Amino acid sequence: MLEPMMYIGGAYKHSQLIELVEDLGGYILQKNIMQSEVVLLMLVPINDLAMVEKKSKDLLGKLTRAPLTGSEIATVAPTLAYHHLPHLDCDVAEFLRKQGAKTNMVGLARGVGKRICQLTAFERDLINEHDVAVFILGNYEHCIIEKSKKLYEGIEIPIVVTGAPELKTEDVPNATAYVGSFGRILHHMRHSEELKTLDKLSEVIGKVLDDVRIGLAKDPPSVAPPRIKKEIEEQIPEIVDNLHPLPITLQMNGVRVKLPYKEYYEQMENIKFVEGVTLKEVARIMPSKMRDFILIKALPKSETGFVI
Amino acid sequence: MEQLETFIVESPDATGAKTTRSLIQDTIADLSLSRAIGRLKVFVDPVQPVFIFAALLRMGSPSIKLKDFAKVEMGALGKDEVRIEVDREIHVVKLLNKLWDKYGKENIEQPDRKIIVVKTDPLKDLDMLRDLVIEEPHQEVLDRLIDAIALRIIPEGFRVRKHELTNSYVLFIASEDTLKPEWLAKGKEILASLGSEENA
């Protein structure tokens, strides 16, 4: 079992920590160096966590659990109009990104209104490619409840809903979790109460993702997504020159690779692991709904019969 | 932000009313409309659904003409030109843009910071130039007001709308469904109540 962790500390000697995590069989997912400070998002084997904690203490850094690490979250707004952007939606997306998640913003074409709202098939499929969908709704209790009855049709991933009233999750139909005190806010969220609300949102999403992890652990993927990422980085050199943000985006049970599907899917299928299997034996390689990217979903153990 | 005389948001949903109030405040501040709106009353019922926005306006400054801030005279003797001597430089940019559009850049000279020479027949154009409208704060405020109400405040789903816009008041009624006569009547009523408060 790997634990998602975030390390914030000085750039000096941080490579020692990276080496330690890699030696322990963990993965470095992201490394951001900002002047003399470094932020590392990593997956650490839970049994060896004490060693990493000791090392980070020696380096005078801060090690915290970041449950959003390694997940791809869709923040969905009813439209891309001024009603929702740039504030609130961007605030939410940015805040979750700071916590280690990769967020994609989705603006629906016909998401407005409580009676007339719709989700197109393309939007539904696109949202379903993520780990969690955060629907950012408005001010009125009645509208949120009415809208929730039909807007999330066909979405199979957990749905987190935000809005102004303080509702119980069970009052909001089809939602996995509900977070109040948001609503339609037209200013940058920077007051202490608003930041607390954002904290609460990331905590709720963290819990939802932990539940997903527990569910996955019952029938684990045949290959861990960070392992796929590492092998792609080593075997497909073009990924190094890729200018997309996070060219290989981790998900709970797969990765999104930002390379054109047609040109690269054969190379992807033939990625070799030292255990002697190729990627196509342990994962499904599909075209993604997002541009012409590649979506790789690891097969569960129950299908392949082994875990590498 | 200058406080509005009246600012009421009514709704059966108390939390919704509070958030709507804050979003209207944000929008008014963003578009600096606080001086243009005197009294403001909003009624929202998400169940029906209807959104009524009524406001009394205080339209301040009239439009600014060239003669208000500049001396417009005939140019040098024997030449076809008009000489404009500007007192307040704040309007010069807009004035130049208007003149360039009208006469072309080659016909405008600016020998000094405050002096502009236009190559044109002074007998024909002098009076017209004196009355040239440089700025219409009035119209700009109305544009911003419509931007605020129609594009930012009224919930997006409320696509069926009816509005009345004059120099003294604005009334917007919006809904997701066909507008009902009683909502229109309620809108009028709210507007009338705002007006009567003013008399009191």
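Turning our attention to the overall build of chain A. Scanning chain A from terminus to terminus reveals 10 helices and 13 strands. Its C-alpha radius of gyration of 20 Å places chain A within 12% of the 19 Å reference for a compact globule of 308 residues. Taking the principal axes of the C-alpha coordinates as reference, chain A spans close to 55 × 45 × 35 Å. Buried residues in chain A amount to 54% of all 308 residues. Expressed as a percentage of contacts within chain A between residues at least 6 apart in sequence, the contacts between residues at least 24 apart total 66%. Roughly 14,300 Å² of accessible area belongs to chain A as shown, and the carbon and sulfur atoms make up 52% of that amount. Chain A carries 38 positive and 42 negative side-chain charges, and their two centres are separated by 3 Å.

On the side of chain A, 21 residues touch chain B, which itself brings 25 residues to the contact. Between chain B and chain A the total buried area reaches about 2,000 Å² when both faces are included, carbon and sulfur atoms providing 52% of it. Three residues, R152, E156 and E176 of chain B, lead the burial of chain B against chain A; their summed loss comes to 30% of the area buried on that side. One can count 1 salt bridge joining chain B with chain A. Of the charged contacts, one joins R115 of chain A and D177 of chain B as a salt bridge, the two residues approaching to 2.6 Å between their closest N and O atoms. Applying the counting rule to chain B against chain A returns 15 residue pairs in polar contact (both at pLDDT 80 or more). Mapped onto the side of chain B that touches chain A, the elements with two or more residues apiece are α1 (14–30) and α5 (137–153) of chain B. For the side of chain B that touches chain A, the element with the most residues is α1 of chain B, which contributes 9 residues.

Another aspect to go through is the side chain of E123 of chain A. Along the polypeptide, E123 of chain A turns up in helix α4 (residues 121–128). One buried charged side chain, E123 of chain A, makes no salt bridge at all; its nearest oppositely charged neighbour is R110 of chain A, positioned 7.6 Å away.

An α-helical segment advances 3.6 residues per turn. Residues three or four places apart therefore align on the same side. Residues and elements named next belong to chain A. Every buried residue belonging to helix α3 (residues 89–98) is among D89, D91, V92, A93, F95 and L96, and all of these are buried. Tucked inside the fold, the buried residues of α3 contact β5 (72–77), β6 (102–107), β7 (132–136) and α6 (192–218). Taken from the residues just after α3, G100 is the one with a positive phi, measuring 110°.

Per-residue confidence for chain B averages 88 on the pLDDT scale, and 97% of its residues sit at or above 70. Reported confidence for the predicted complex is 0.81 by ipTM and 0.85 by pTM.

For soluble globular proteins, the rule of thumb is that nonpolar side chains tend to be buried together. Membership of the largest hydrophobic core comes to 34 residues, with the highest contact counts inside it found for L33, I37, L40 and F53 of chain B. Those elements that place two or more of their residues in this core are β1 (6–10), α1, β2 (37–45), β3 (50–57), α5 and β11 (169–175) of chain B. The greatest single-element share of this core, amounting to 7 residues, is contributed by α5 of chain B. In this structure, Y27, L29, I228 and V282 of chain A belong to the second largest nonpolar core, which totals 26 residues.

Okay, the pattern of salt bridges next. Following the criterion strictly, the structure yields 28 salt bridges over all chains and no others. Salt-bridge contacts for K289 of chain A lead to D125 of chain A; the nearest nitrogen and oxygen are separated by 3.9 Å. Linking K289 of chain A in the loop between β12 (283–287) and β13 (294–298) with D125 of chain A in helix α4, this pair joins segments that are 164 residues apart in sequence. Taking the relative accessible area as the measure of exposure, D125 of chain A reaches 27% and is therefore partly exposed. Among the ionic pairs, R58 of chain B bridges to E5 of chain B, the shortest N-O distance being 3.5 Å. One end of the pair, R58 of chain B, is in the loop between β3 and β4 (64–65); the other, E5 of chain B, is in the segment before β1, and 53 residues separate them in sequence. Judged by relative accessible area, which is 30%, R58 of chain B ranks as partly exposed. According to the relative accessible area criterion, E5 of chain B is partly exposed, its value standing at 49%. Salt bridges sharing common partners tie together E3, R65, D210 and R213 of chain A.

What counts as what
Residues numbered from 1 in each chain as written. Chains lettered and ligands numbered in written order. Predicted model: local features only at pLDDT ≥ 70, side-chain atom pairs only at ≥ 80, totals over all residues. Heavy atoms only, no water. Helix = DSSP H or I, 4+ residues; strand = E, 2+ residues; numbered from the N terminus. Rg over C-alpha atoms; globule rule 2.2 N^0.38 Å. Buried < 20%, exposed > 50% of the residue type's maximum accessible area, 1.4 Å probe, protein only. Contact = heavy atoms within 4.5 Å. Areas by Shrake-Rupley, 256 points an atom, 1.4 Å probe, with all protein chains shown as cover. Lys, Arg positive; Asp, Glu negative; His and termini not counted. Charge placed at Lys NZ, Arg CZ, Asp CG, Glu CD. Buried area = accessible area lost by both parts, 1.4 Å probe. Salt bridge = Lys/Arg side-chain N within 4 Å of Asp/Glu carboxyl O. Polar contact = N/O pair within 3.5 Å; in protein donor to acceptor, adjacent residues only side chain to side chain. pLDDT = per-residue confidence, 0-100. Core = buried A, V, L, I, M, F, W, Y, C linked by side-chain atoms within 4.5 Å.

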